[in-house]
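# A closer look at the structure
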Amino acid sequence: MIHPCRWLCWVAIVALGGCAHQVPRQTGHAGSWVAPQSVPRNWSIDARLAISNGKDGGSGRLHWEQQGEFYTISLRAPISGQSWQLSGDRSHARLEGVRPYAVMGTSAQELLRRELGWELPVGEMKSWLFGVGFTTAAVIEADASGKPASVIDGPWQLNYRDWSDVSGVSVPSRIIAKKPPYQLRLAIQRWVTSPDGGDGADN
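Below is a summary of the structure that appears in this document. (Residues numbered from 1 in each chain as written. Predicted model: local features only at pLDDT ≥ 70, side-chain atom pairs only at ≥ 80, totals over all residues. Heavy atoms only, no water.)

Here we come to the overall build of the protein. Scanning the protein from N- to C-terminus turns up 3 helices and 12 strands. Here the protein, with 203 residues, has 47% of them falling under the buried criterion. Sequence-distant contacts, at least 24 apart, represent 52% of the contacts inside the protein between residues at least 6 apart. Total accessible area on the protein stands at roughly 9,400 Å², and carbon and sulfur atoms take up 49% of it. (Helix = DSSP H or I, 4+ residues; strand = E, 2+ residues; numbered from the N terminus. Buried < 20%, exposed > 50% of the residue type's maximum accessible area, 1.4 Å probe, protein only. Contact = heavy atoms within 4.5 Å. Areas by Shrake-Rupley, 256 points an atom, 1.4 Å probe, with all protein chains shown as cover.)

This is the structure in structure tokens:
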């Protein structure tokens, strides 16, 4: 099994980042691609997650709260109870739970690379959660309603399931992200979005 601190922080590297807004190229789509929506500034999710590096794996519960540029991501392993919290914005990041004291960095990517030695992309998942933020070279297959069903964007392959509407924003309930040998499965149990900066609504 992956050490709890290792797998929890690996998830953060995959799951955290800034938001890109390029309009993706549709190729081989099953439905008609719908123009990307705007990502709400304020939102939160509660989810179950499972990760694997091709040999070992782990699972846990995730809470991610985004308030404008500021994020707080908490993870807890169900068996060991190991937990940590990553918080910050575009200019700094703070990681708690990996060492006896909090560690700081100028960005989540820099901090996690320094602490764990991982070199994985940061900047995707914040947009991926809403089905946007893909590069112009992305290959996207849409479902019958025009939402992303599968996406190949660089080394990453994404699969989306069970789209719904929360406060006028389209959100998925399940995402599988693969970059061999790595795989992340996210089952989102609760969405709260505030597209106009007001109060959110539960999914």
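Turning our attention to the pairing of strand S11 (residues 182–194). Summarising the sheet, strand S1 (residues 42–52) and S11 pair through 11 bridges and their orientation is antiparallel. The residue of S11 that forms the bridge with Ser44 is Val192. Bridge analysis of strand S10 (residues 169–179) against S11 gives 6 bridges, and the strand direction is antiparallel. Bridge pairing in S11 links Ala177 to Leu184. Counting the residues between successive antiparallel strands, the hairpin from S10 to S11 contains 2 residues. (Pairing = 2+ DSSP bridges.)

Where strand S8 (residues 148–153) lies against strand S9 (residues 156–166), 4 bridges are found, and the strand directions are antiparallel. Of the residues in S9, the one forming a bridge with Val151 is Leu158. Connecting the antiparallel pair S8 and S9 is a turn made up of 2 residues, with Gly154 showing a positive phi of about 65 degrees. Pairing between S9 and S10: 9 bridges, direction antiparallel.

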